[in-house]
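Reading the structure
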Amino acid sequence: MLQYATDGITVASILDTRKANQAGTYPVKIRVTYKRVRRYYSTGKSLMPEEWEKLPATKSHLYAEIRRDIIASFELIKRAVQSLAERGEFTFNNLNLRLGRAVTGAINDAFRAKIETLREEDRIGSMLAYKDTLRVVEEFAGEGIDFGTITPEWLRRFEHHLLETKNLTTVGIHCRNIRAILNEARRAGIVKESQYPFGRGRYEIKVGVSHKKALTLEQIGQVVKYTDGTETTEKYRDLWFFIYLCNGINVADLVRLRYRNIIDGEVCFVRQKTQRTTATIREVRATLTPEMQAIIDRWGNPPEPDNFIFPYLNGTEDAMRCKMITTDLTRRINKRMKRIGEAVGIDGISTYTARHSFATVLKRSGANIAFISESLGHNDLKTTEHYLASFEKEERQKNANLLTQFE
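Cut-offs and rules
- Residues numbered from 1 in each chain as written.
- Predicted model: local features only at pLDDT ≥ 70, side-chain atom pairs only at ≥ 80, totals over all residues.
- Heavy atoms only, no water.
- Helix = DSSP H or I, 4+ residues; strand = E, 2+ residues; numbered from the N terminus.
- Buried < 20%, exposed > 50% of the residue type's maximum accessible area, 1.4 Å probe, protein only.
- Contact = heavy atoms within 4.5 Å.
- Phe/Tyr/Trp six-rings, centres within 6.5 Å; stacked < 30°, edge-to-face > 60°.
- Pairing = 2+ DSSP bridges.
- Axes fitted to C-alpha atoms, helices over the stretch in contact; angles between N-to-C directions.
- Expected span 1.5 Å × (residues − 1).
- Polar contact = N/O pair within 3.5 Å; in protein donor to acceptor, adjacent residues only side chain to side chain.
- Lys, Arg positive; Asp, Glu negative; His and termini not counted.
- Salt bridge = Lys/Arg side-chain N within 4 Å of Asp/Glu carboxyl O.
- Parallel < 35°, antiparallel > 145°, perpendicular 65-115°, else oblique.
- Left-handed = near helix turned anticlockwise from the far one by under 90°.
- Nonpolar A, V, L, I, M, F, W, Y, C, P; charged D, E, K, R; others polar.

Side note on the overall build of the protein chain
Per the secondary structure count, the protein chain includes 16 helices and 7 strands. Across the 407 residues in the protein chain, those meeting the buried criterion constitute 43%. Restricting to contacts in the protein chain with at least 6 residues of sequence separation, those with at least 24 account for 57%.

A word on the packing of aromatic side chains
Tallied over the full model, the rule gives 11 aromatic pairs. Seen in terms of ring centroids, Phe-90 and Phe-92 are 5.5 Å apart; in terms of plane orientation they differ by 70 degrees. Their pairing is edge-to-face. Exposure remark for Phe-90: the relative accessible area of 8% places this residue in the buried category. Look at Trp-240 and Tyr-244: their rings are 6.4 Å apart centre to centre, the planes differ by 5 degrees, and that puts the pair in the stacked class.

What to know about the sheet that holds strand E2 (residues 9-15)
Strand order in the open sheet formed by 4 strands is E1-E2-E3-E4, with antiparallel pairing between adjacent strands. Of all the strands in the sheet, just strand E1 (3-6) and strand E4 (37-47) have a single pairing partner and so form its edges. Each strand axis lies, on average, 15 degrees off the axis of its neighbour in the sheet, ignoring direction. Note that E1 and E2 share 4 bridges and pair antiparallel. The residue of E2 that forms the bridge with Ala-5 is Thr-10.

Section: unusual backbone geometry
The phi dihedral of Arg-36 falls on the positive side, at around 65 degrees, and the residue is not glycine. Here the phi dihedral of Asn-247 falls at roughly 60 degrees; this positive angle occurs in a residue that is not glycine. Relative to the elements of secondary structure, Asn-247 occurs in the loop between helix H9 (231-245) and helix H10 (251-254). Given the relative accessible area of 6%, Asn-247 is considered buried.

Looking at helix H14 (residues 351-364)
Spanning 14 residues, H14 covers 20 Å between terminal C-alpha atoms, matching the ideal 20 Å at 1.5 Å per step. In terms of residue burial, H14 counts as a mostly covered element, since 10 of its 14 residues are buried. Taken together, the buried positions of H14 are Thr-351, Thr-353, Ala-354, Arg-355, His-356, Ser-357, Phe-358, Ala-359, Thr-360 and Val-361. At the N-terminal end of H14, a side-chain oxygen is found 3.2 Å from the backbone nitrogen of Tyr-352, two or three residues along, and the residue is Ser-350. Of the residues trailing H14, Gly-366 is marked for its positive phi of about 90 degrees.

Here we look at the side chain of Arg-271
Here Arg-271 lies in the loop between strand E6 (266-270) and helix H11 (272-275). We note that Arg-271 is buried and unpaired, the nearest opposite charge coming from Asp-253 at a distance of 4.6 Å. If sequence neighbours within four positions are ignored, Arg-271 has contacts with Asn-250, Asp-253, Val-284, Arg-355, Leu-376, Gly-377 and His-378.

Looking at the packing of H9 against helix H12 (residues 290-299)
At their nearest, the axes of H9 and H12 sit 10 Å apart, and the two run at 140 degrees to each other. By the criterion of interaxial angle, the relationship of H9 to H12 is oblique. Judged by the twist between their axes, the crossing of H9 over H12 is left-handed. Side by side, H9 and H12 meet where Glu-231, Glu-234, Lys-235, Arg-237, Asp-238, Phe-241, Phe-242 and Leu-245 of the first sit next to Glu-291, Met-292, Ile-295, Ile-296, Arg-298 and Trp-299 of the second. Of the residues that constitute the contact of H9 with H12, the class distribution is 7 nonpolar, no polar and 7 charged.

Structural notes on the sheet that holds strand E5 (residues 262-263)
Pairing is antiparallel in the open sheet, where 3 strands are placed in the order E5-E6-E7. Only two strands of the sheet have a single partner each, and these edge strands are E5 and strand E7 (283-287). Of the strand pairs in this sheet, E5 and E6 are connected by 2 bridges, and their pairing is antiparallel. The residue of E6 that forms the bridge with Ile-263 is Glu-266.

Take a look at the structure:
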């Protein structure tokens, strides 16, 4: 009945015939579509299909009133979409905030709207992180936390509270999630600039010390040659080695690799972590080495194009199930690598160590940072430089010790 489009966003009034309500009628909704994603907003009205068909032209007083209410709902959403699109700030979360669906003056509701958006987008890791932040925020301050309550002083007290049981890195994660919610509320006009609590002279999120660990080539050699004679140890050791060789691939990407990802002797994939959060999709390419092929031959599925390379997914899993499988496999690899580390005298080996070691071995071998950045799937060199910074400190400490080795 009603339709509007701007900047790739469409708004339309529709009769949602997917499921009838208890009265046997169907809800009238305003559907917003953006980048092939749809969200539905209730008008509070329900009709039969034949009533919906005659609604635009009917002169019935009852239906004319229903039509006016639907038009009012449509115009409300249309104006919100127009305003956000004109500022280049349209997202469904910002639209929800603008419409008031996500906020009754409480940051708790904004968090819940964000969590639901992430769930709908299958961004399960981020969804769980925001759920955890909401949990600790409510443990600290309860329900119904007004946006105006989040002041620099409130954030300092929140930080002090968390530091009683958590490290600075975890505190930083929670504070960045709060900042993201407030940023969206500020863009939607709910939080005024004068109320915004983050930034210089206000509250600045502290950065925890990174404890990334990278192995030397000699240590990596010790790890990949180790065996205790059990198949379990050799399987998880080999998967760890594959992660290292495959540009430090994350386990979430490892389990999703299919044989069709092998193109002209390279493993080609897009990182799950960034494919939804960046405008430019960057494909990672890793040379398929003989060592990697041997691991695939030993532990992989039959080499059919649509088959997953490794036997952890079957393609029917939803996003939550994929997350659970990824988390479980990561735990099992890390548990076995810890045992291997204890056997060879190296502390703290994990899947992260494989990724960090890939980057650091290249850096110490003189590889160009731009190449390392591309290999890791980073979107800019600053991310890579920050990523490598902690390893450089380790190298500086080692070189400093050389200054006093008199004998």
